[in-house]
Amino acid sequence: MTPLEHYPVVDLGPIMKGMAIGGLGIFHVFLAQFAIGGGMLLCYLQWLHMRGRCRLARRFIDDYFKVLVLVSFVLGAVTGVAMWFTSIQVSPRTIGVMVREFHWVWATEWSFFCLEVVAGYLFFRFGPRLPDASRLQLLGLYSFASWMSLFWINGILSWQLTPGGWIESRDVWQGFFNPGFLPSLLFRTICSAAIASLAACVLINLVPGFTRRERESLVAICGRPLVLMLAMPLVGAWYFGSMPADSRGWVTGGSVPMTMFLTMAVGASALIGLYAIFGILRKQLYVNAATAGLLLSLAFVATAGGEFVREGVRKPFTIREYLYSNSVARDGIAELRQRGVTADDPYPLRDEAAYPSEQLVLGGKVFRAQCSVCHTLGGVNSVIELTGSWSLEQKRLNIAQLQQTKPFMPPFAGTPEELEALVQLIGWIDAGRPDAWEESSDPAVLAEIRRWIDEAGTRPGHASLAAATGDRRR
Amino acid sequence: MNAVFPTGFPPATAFYLVLLVATLLLHMVFMHYVLAGSAYLAVGRLMGRQWCRRCGWQRLLVDWLPFATGLAITAGVAPLLFVQILYQREFYSANLLLSHRWMAILPVLIVAFYLLYLQKSAWIGRRGWGWQIAVAATAFAGFAFIAWSWTENHLLSLDEAAWPTLYASGDLRYATAGLVARLAVWFLAAFPTLAIELAWQGRLLGIPLSGPAAAGETVAGLSPLRRLAMTALAGLVGMAAAAAVYWPTLPAESREAIAGPLGRPWLVAAAAGVAVQVICWLIAASRDRLPSGLATLATAGWLATLAGLVVLREAIRLATVDLDTLAELHAEAAGIGGLPVFLIFAGLNAAAIVWCIRMVARRAVTPEPGSRSGS
């Protein structure tokens, strides 16, 4: 595996790239889970109808399915493709590795996706003209296919954080059935059921033609899957326990934003769960459109928090112990420290003429290759802001030993000259981009940087931290 | 590249090439229906309310285009997967260079998709004809923009020498001599596909194509079948003309790949397919009848043309890439497990899809009293 592959790097200006993929991801996951849970709920309703236990079910199913098709089959399908394209924009190497390692898993998921679309459209178009048994068969196939698409994609996504035995064996099934696979699958299944129930409660209130009593009856029935939320704490704890120790550390105080996102997810889920269990299921309260809408919004907040945590706890990797967030291979650091991270970069800077020296151009290329995937130069998570209070010496030291400065950062992967160029770039921008900027090439400084880099080693921060903790204990 | 496609390549490369071609062909079956169908709708709307009211194809397209778009997107996932195995660096680099401009296809696709649903709605039926024209034209413009973007992206992926300069310029557009001609080839190729598909769809749904039964659907003196024939013939002639314009814009090595051992049999197949289609449609138009045998022959010709075009598309690309480097990556990918699982589930799911369609065809009944139509 090469240490780094050079692609043209996209510049989103002041926006952090993680915001683009995260924002889209949350939206897509929410829609996908709505579709998966919706299929399961509609199967249940059809079954109740056939048993004579819900006379309104048939009509409501047809109404619900129209929304499912209009929302999920259009927005859900296109945002699914958009996830691929956005991943390419943010980290082509990461998605490239994922595709290479799991292309048959993805192809298998695609075959289920085909079944889901065909069964879904047939139900949408011909469902009202089919006898009950055929409707249940079609809904069953639709529901199974949509859940299976979750099954397959869940293995790939959980592999990114907990690749398990794949790291050693490179066996696709060891990677797929990784330690996070089952808890994540169960957790997402429960989330899907809950989202579909809440969406149903919104729809019950919006579809014309039902009386108040009929709406009450439908809310009581559609709210039943929310009982699965009782298992959420247990499954959530299992999922949490499957994460690597340092990742757990980020969300339990180690990283303030990550802790806040987890709190947001847990808090919103708890509020929904409490209302569902005590209000909807126990007290049989009627849920009007406003309340149902609020609960569904809370579910979106919980999804958003959860997805941010899932993306965030992988730091400093995109594929744990294999590929860093900046697409540098874990085992490629040492080589890049000798050859330089920009040595093979064929792409010039876009505004090269605006840089007053070659060293600053080099600094721009180093930033682009190593930092720009998570940081900006003047927007969200700007390196200028983050290093604003550091002295020149501190900048050199902290970047040279980056994984020890902040263990969720990858080790610096470049030569001392490249590090110094990056430090000079930060200083130049911080100074307001003056027209002239003196080059810094003091051999003593470069030697000191080399010493610091060597001292930090090439291991990721969590490994250095674990080693240091072990040393202290000994 | 001295052997007929896909032979002559290392086994892994040949395997993934066949998968790409096969799945791209499947995608095109639906994508052509959407692209040409949305154009047909837009033109129909411009022709006026009476024209559309009499044209059964317009009604059919309004009804089926959203489903076809869903299928086109779904079928498009597989070639998108295999192109990432075969030409990862090239595909990703082109995506990244076009950046926001390229990503714009996604919101545009969502809007165009919803506009197709809007055309089915009662809401649009209550609006003035200007609305109908605007919605149909905007939906078509959306699909045309996506087609143009894919062409631009594809051509850029073949032009590695242009990447650093384009990146430095910050320009998010890539213009090259062959862009318009290539886009025209593929756009016009969509019309014979649409004609074949509508002909079969009409037969399956019991829509009269010609004769006294179709008299009520005669538009501008043309029966439904003759309108299809005109659509197909215009597409075939236009495609051939666009290909003639595109040919000189191709680099010498690409022309050699097409005319040489790699692509020649496929070029012949495509040309023969065009000839067969032209003859079949001329016969059908002159007799105002499309018997099963003639329809099957036209379909075979269409399939030969489309398969030939898709292979020639790859031949052009293969002439521009570093095959030795890529072959190593393909071999590495082929060594990764999972193929048997895919084959098993693909087979089972294909069987389930067939079962669903047969079951619905057998059991769908007229609307039950009190129930409402889902479509």
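Residues numbered from 1 in each chain as written. Chains lettered and ligands numbered in written order. Predicted model: local features only at pLDDT ≥ 70, side-chain atom pairs only at ≥ 80, totals over all residues. Heavy atoms only, no water.

Turning our attention to the environment of Ala331(B). Residue and element names in this part refer to chain B. Within the secondary structure, Ala331 is located in helix H14 (residues 323-334). Residue classification places Ala331 among the partly exposed positions, given a relative accessible area of 43%. Sequence-wise, Ala331 and Phe15 are 316 residues apart; in three dimensions their C-alpha atoms are separated by 10.0 Å. (Helix = DSSP H or I, 4+ residues; strand = E, 2+ residues; numbered from the N terminus. Buried < 20%, exposed > 50% of the residue type's maximum accessible area, 1.4 Å probe, protein only.)

A word on the domain arrangement of chain B. Under the domain assignment used here, chain B contains domain 1 (11-321) and domain 2 (342-375). On a C-alpha basis, the centroid separation for the pair domain 1 of chain B and domain 2 of chain B is 27 Å. (Domains from an automatic or database assignment.)

To continue, consider the environment of Phe9(B). Residue and element names in this part refer to chain B. Among the secondary structure elements, Phe9 is positioned in the segment before helix H1 (11-47). Along the sequence, Phe9 and Leu323 sit 314 residues apart, while their C-alpha atoms lie 9.0 Å from each other. Setting aside its immediate chain neighbours within four residues, Phe9 contacts Met1, Ala14, Leu17, Leu262, Leu318 and Leu323. (Contact = heavy atoms within 4.5 Å.)

The full count for this structure, using the stated rule, is 31 salt bridges over all chains. Its salt-bridge partner being Arg58(A), residue Asp132(A) comes within 2.8 Å of it at the nearest N-O pair. Residue Asp132(A) is located in helix H4 (residues 132-161), and its partner Arg58(A) is located in helix H2 (residues 57-90); the two are separated by 74 residues in the primary sequence. As a salt-bridge pair, Arg173(B) and Asp171(B) come within 3.5 Å of each other at their nearest N and O atoms. Salt bridges linked by common partners bring Arg188(A), Glu307(A), Arg310(A), Glu311(A) and Arg314(A) together as one network. (Salt bridge = Lys/Arg side-chain N within 4 Å of Asp/Glu carboxyl O.)

Attention now moves to the domain arrangement of chain A. Residue and element names in this part refer to chain A. When cut into domains, chain A gives domain 1 (17-324) and domain 2 (332-473). Taking only C-alpha atoms into account, the centre of domain 1 sits 40 Å from that of domain 2. Opposite the twelve residues of domain 1 that make contact, domain 2 presents 13 residues. The junction of domain 1 with domain 2 conceals about 1,000 Å² of combined surface from both sides, 71% of it contributed by carbon and sulfur atoms. Across the contact surface, domain 1 and domain 2 share one residue pair in polar contact (both at pLDDT 80 or more). Contributing elements (two or more residues each) for the side of domain 1 that touches domain 2: helix H1 (17-50) and helix H10 (245-254). (Buried area = accessible area lost by both parts, 1.4 Å probe. Polar contact = N/O pair within 3.5 Å; in protein donor to acceptor, adjacent residues only side chain to side chain.)

Turning to the interface of chain A and chain B, a few remarks are in order. Counting residues at the interface gives 67 residues for chain A, matched by 75 residues for chain B. For the pairing of chain A and chain B, the buried interface totals around 6,700 Å² over both sides, and the portion due to carbon and sulfur atoms is 72%. At the junction of chain A and chain B, the tally comes to two salt bridges. For the salt bridge of Arg100(A) with Glu332(B), the shortest nitrogen-to-oxygen distance reads 3.6 Å. Connecting chain A to chain B are 13 residue pairs in polar contact (both at pLDDT 80 or more).

Turning to the side chain of Ser149(A), a few remarks are in order. Residues and elements named next belong to chain A. Here Ser149 is to be found in helix H4. Note on Ser149: relative accessible area 10%, which makes it buried. Separated by 2.6 Å, the side chain of Ser149 and the backbone oxygen of Ser146 make a polar contact. Setting aside chain neighbours within four positions, we find Ser149 in contact with Glu109 and Glu116.

We now examine a nonpolar patch on the surface. All names here are of chain A. Taken together, Ile15, Met19 and Val380 make up a surface patch of nonpolar side chains, about 230 Å² in accessible area. Of note, Met19 is situated in helix H1. By relative accessible area, Met19 is classed as partly exposed at 39%. (Patch = residues over 30% accessible without salt bridge, like charges linked within 9 Å, V, L, I, M, F, W, Y side chains within 5 Å. Areas by Shrake-Rupley, 256 points an atom, 1.4 Å probe, with all protein chains shown as cover.)

This part takes up the confidence of the model for chain B. Any residue range with low pLDDT should be treated as having predicted coordinates unsuitable for detailed reading. Residues and elements named next belong to chain B. For chain B, mean pLDDT is 94; residues scoring 70 or higher make up 97% of the total. Taken element by element, the predicted model of chain B shows its lowest mean pLDDT in helix H2 (residues 49-54) (88) and its highest in helix H12 (residues 264-287) (98). Across the interface, the model reports ipTM at 0.94; the global pTM reads 0.94. (pLDDT = per-residue confidence, 0-100.)

All names here are of chain A. Among the residues of H10, those classed as buried are Asp246, Ser247, Trp250 and Val251. In a view along the axis of H10, the buried residues occupy a sector of 145°, so they form one face of it. Looking at H10, the residues exposed on the side facing more than 90 degrees away from the buried face are Ala245 and Thr252. (Arc of directions from axis to C-beta.)

Residue Lys315(A) is joined to Pro316(A) through a cis peptide bond whose omega torsion reads 5°. By secondary structure assignment, the location of Pro316(A) is in the loop between helix H12 (289-312) and strand E1 (317-319). With an omega dihedral of 0°, the bond running from Phe5(B) to Pro6(B) counts as a cis peptide bond. When you line up the elements, Pro6(B) lands in the segment before H1. Of note, Arg170(A) is a non-glycine position whose phi angle comes to about 60°, a positive value. For Arg170(A), the location among the structural elements is in the loop between helix H5 (166-169) and helix H6 (172-176). Overall, Arg170(A) belongs to the partly exposed group, its relative accessible area being 37%.

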